[in-house]
Amino acid sequence: AQDPELMSDFIVESREHLVNIESQVLTLEREPSDNEALNAVFRGFHTIKGLAGFLELWEVQKLAHEVETVLDRARNSQWTINPAGIDVILASADYLRRWLAHMDAVLHHEASQAPARDEALLGRIARLSSEPGEPAPPGLAALAAAVSPRQTEPDEIPLAPSTPAGAVSPRPAEPEIGRAHV
């Protein structure tokens, strides 16, 4: 069982970090090369990750760690903040906010269900982690999706269970016909 006072402090502090993250993301949206804003967003996710690990909140820690990895690539000039990155950062903040609401409800003995793991969001983060340093020309991803045999949107491709952490499977394995699946 978690110490209610530590958990309450974590919720309050994490909410403050998320407000700051969203404020700094707006700056990054206008000026992707603003290192001060980028570092502030990184620190917010880094702090949430560390505190979540201390409190053994593994789902929160995992998501914050994955976003932190993407942001670290941007800090090291291996990736440039782009609109897809902004969307992922904001979606990640929303996911963490849902976790905080759940934890707050549990602390107050209210009925609440933990947010389900968002595999689609984790897949989007993983794709950003593996993007080459230079952003793709606009429309290239849409063109590739339009000609792919599966006709799926890039954000809908889930990570295959056998895919190593941080890697993205280029396409899911085709099921064998005539073989029962368990």
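The rules behind each value
Along each chain, numbering runs from 1 in the same order as the chain's sequence is written. With the structure being a predicted model, the display of local features is reserved for residues of pLDDT at least 70 and the display and counting of side-chain atom pairs for 80 or more, all residues being used for whole-chain, interface and lining totals. No hydrogens and no water enter the side-chain calculation; it runs on all heavy atoms of the structure. Angles here are taken between N-to-C directions and fall from 0 to 180 degrees, while the axes themselves are lines fitted to C-alpha atoms, restricted in helices to the stretch in contact. Strands are runs of DSSP state E lasting at least two residues, helices are runs of H or I lasting at least four, and both sets are numbered from the N terminus onward. Roughly parallel covers angles under 35 degrees, roughly antiparallel covers those over 145, roughly perpendicular covers 65 to 115, and oblique covers all other angles. By convention, the crossing between two helices is left-handed when the near helix turns anticlockwise from the far helix through less than a right angle, and right-handed when the turn is clockwise. Residue contacts are counted whenever heavy atoms from the two residues lie within 4.5 Å of one another. Gly falls in the polar group here, along with every residue not listed as nonpolar (Ala, Val, Leu, Ile, Met, Phe, Trp, Tyr, Cys, Pro) or charged (Asp, Glu, Lys, Arg). To estimate the expected span of a helix, count its residues, drop one, and scale the result by 1.5 Å. Think of it in three bands: with a 1.4 Å probe and only protein chains considered, a residue is buried below 20% of the maximum accessible area for its type, exposed above 50%, and partly exposed in between. Any pair of nitrogen or oxygen atoms within 3.5 Å is treated as a polar contact; in protein, a donor-acceptor pairing is required on top of that, and neighbouring residues in sequence qualify only through side-chain atoms on both sides.

Engineer: Help me understand the packing of helix α2 (residues 35-54) against helix α3 (residues 58-75) in this model?
Structural biologist: Any two packed helices are characterised by the angle at which their axes cross and by the distance between the axes. One can describe the packing of α2 onto α3 by two numbers: an axis separation of 8 Å at closest approach and a directional angle of 155 degrees. As summarised for this structure, α2 and α3 are arranged roughly antiparallel, according to the angle between their axes. α3 is crossed by α2, and the crossing has left-handed handedness. The residues of α3 that touch α2, namely those facing Leu38, Asn39, Val41, Phe42, Phe45, His46, Ile48, Lys49, Ala52 and Gly53, are Trp58, Val60, Gln61, Ala64, His65, Val67, Glu68, Leu71, Asp72, Ala74 and Arg75. Taken together, the residues of the contact of α2 with α3 sort by class into 12 nonpolar, 5 polar and 4 charged.

Engineer: Just checking my understanding: could you explain helix α1 (residues 4-30) for this structure?
Structural biologist: Given 3.6 residues to a turn, an α-helix orients residues that are three or four positions apart in the same direction. Here α1 spans 39 Å end to end across 27 residues, near enough to the 39 Å set by a 1.5 Å rise per residue. Among all positions of α1, only Met7, Phe10, Ile11, Ser14, His17, Leu18, Ile21, Gln24, Val25, Thr27 and Leu28 are buried. Tucked inside the fold, the buried residues of α1 contact α2, α3 and α4 (83-107). Where α1 starts, the residue carrying a side-chain oxygen 2.9 Å from the main-chain nitrogen of Glu5 turns out to be Asp3.

None of this, on its own, says anything about what the molecule does.
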